[in-house]
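Structural features, examined
Given next are the chains, with one letter for each unit.
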Amino acid sequence: MTFTWTAHRFAGGALALDVANSIILRADPERRIDRFADVAAIDSFAEAANRFGAESARFGALAPVAAENRGRLLQLREATDRHFRAAISATGRPEFLADLLEAIAAVLRGSLPHVGALSLDTATAQSALSLAASTEPDRLKICPNCGWLFLDRSRNRSRTWCDMAVCGNRTKAKRHYHRNREETGL
Ligand SMILES: [Zn+2]
């Protein structure tokens, strides 16, 4: 089955969070899925981010990650998730931010000089840096249904779910959701 990126998978509201959310059900070792385990899916993510990503106007069309830089992107992804998840849960530690900044720096150092399109990894590093320097940290949230990180861009910061149409409804029909997990496309 070919995996397709959809708008729902860009519910994070920031490129760095959408990248972090490429691990599905991260906290559940038995059910977690790493969508970036397939290299082709990393490349198609870069394309889809231009269509669905909240920061597409900022970064424009993204070039794929060079093969030698994929490892650094994945390290940045993990540092991003660890830092922001802990910060939102009020269990943040200074070294998580230090790790994130180091991961950002490593990506930027490894970035190829570019003409035109930014590569996915470089744009993700810039996105993570903006989030880390955010003056409104209370806009960062964790979806209580799926555990994804998201940036609540709503005016009154009232969003609960990463995606009301998916996680909001799923929670209402939780029993149904567990029965039909295979069909829900999570
Ligand atoms: Zn969710």
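Quick note: structure is the one above.
First, a word on what this report is: a plain description of the structure on this page. (Residues numbered from 1 in each chain as written. Predicted model: local features only at pLDDT ≥ 70, side-chain atom pairs only at ≥ 80, totals over all residues. Heavy atoms only, no water.)

1. Some remarks on the nonpolar core
- The biggest cluster of nonpolar side chains holds 18 residues, and the ones touching the most others in it are W5, L15, F36, F45, L62, L73 and L120.
- Listed by contribution, the elements that provide at least two residues to this core are α1 (15-20), α2 (39-52) and α6 (120-132).
- Not counting residues up to four positions away in its chain, the partners in contact with W5 are F10, S22, R35, F36, A41, S44, F45, A48 and F52.
- L17, I104, A125 and L149 belong to the second largest nonpolar core, which has 17 residues in total. (Core = buried A, V, L, I, M, F, W, Y, C linked by side-chain atoms within 4.5 Å. Buried < 20%, exposed > 50% of the residue type's maximum accessible area, 1.4 Å probe, protein only. Helix = DSSP H or I, 4+ residues; strand = E, 2+ residues; numbered from the N terminus. Contact = heavy atoms within 4.5 Å.)

2. A closer look at the coordination of the zinc ion
- Looking at the metal site, the zinc ion is ligated by C143 (SG), C146 (SG), C162 (SG) and C167 (SG), spaced 2.3 Å from it.
- Taken together, the four donor atoms coordinating the zinc ion and their angles of 106 to 119° define a geometry best described as tetrahedral.
- Of note, the donors binding the zinc ion are all from one chain and are spaced C-x2-C-x15-C-x4-C. Residue C146 is found in the loop between β3 (140-142) and β4 (149-151), and its partner C162 is found in the loop between β4 and α7 (164-172); the two are separated by 16 residues along the sequence. With respect to class, C146 is no different from C162; both count as buried. (Donors = N, O, S within 2.8 Å, 3.2 Å for Na, K, Ca; no water. Tetrahedral: all angles 85-135°; square planar, octahedral: opposite > 155°, others 65-115°.)

3. A few points about the packing of aromatic side chains
- Taken as a whole and judged by the stated rule, the model has seven aromatic pairs.
- Taken together, the aromatic side chains of F3, W5, F10, F36, F45 and F52 make up a single cluster linked through ring pairs. (Phe/Tyr/Trp six-rings, centres within 6.5 Å; stacked < 30°, edge-to-face > 60°.)

4. Points about unusual backbone geometry
- Even without being a glycine, A90 presents a positive backbone phi close to 60°.
- Among the structural elements, A90 can be located in the loop between α4 (70-88) and α5 (94-110).
- Residue classification places A90 among the exposed positions, given a relative accessible area of 69%.
- Notably, R157 is not glycine yet its phi reads approximately 55°, a positive angle.

5. Details of the pattern of salt bridges
- Tallied over the full model, the rule gives 13 salt bridges.
- Notably, a salt bridge pairs D81 with R26, separated by 3.2 Å at the nearest N-O pair. With a gap of 55 residues between them, D81 in helix α4 and R26 in the loop between β1 (23-24) and β2 (33-34) connect regions that are remote in the sequence. The exposure classification of D81 matches that of R26, with both residues buried.
- Notably, a salt bridge pairs R93 with E95, separated by 2.6 Å at the nearest N-O pair.
- Its relative accessible area of 43% is what places R93 among the partly exposed residues.
- Salt bridges here are not isolated pairs; linked through shared partners, they connect R26, D34, R77, E78, D81 and R85. (Salt bridge = Lys/Arg side-chain N within 4 Å of Asp/Glu carboxyl O.)

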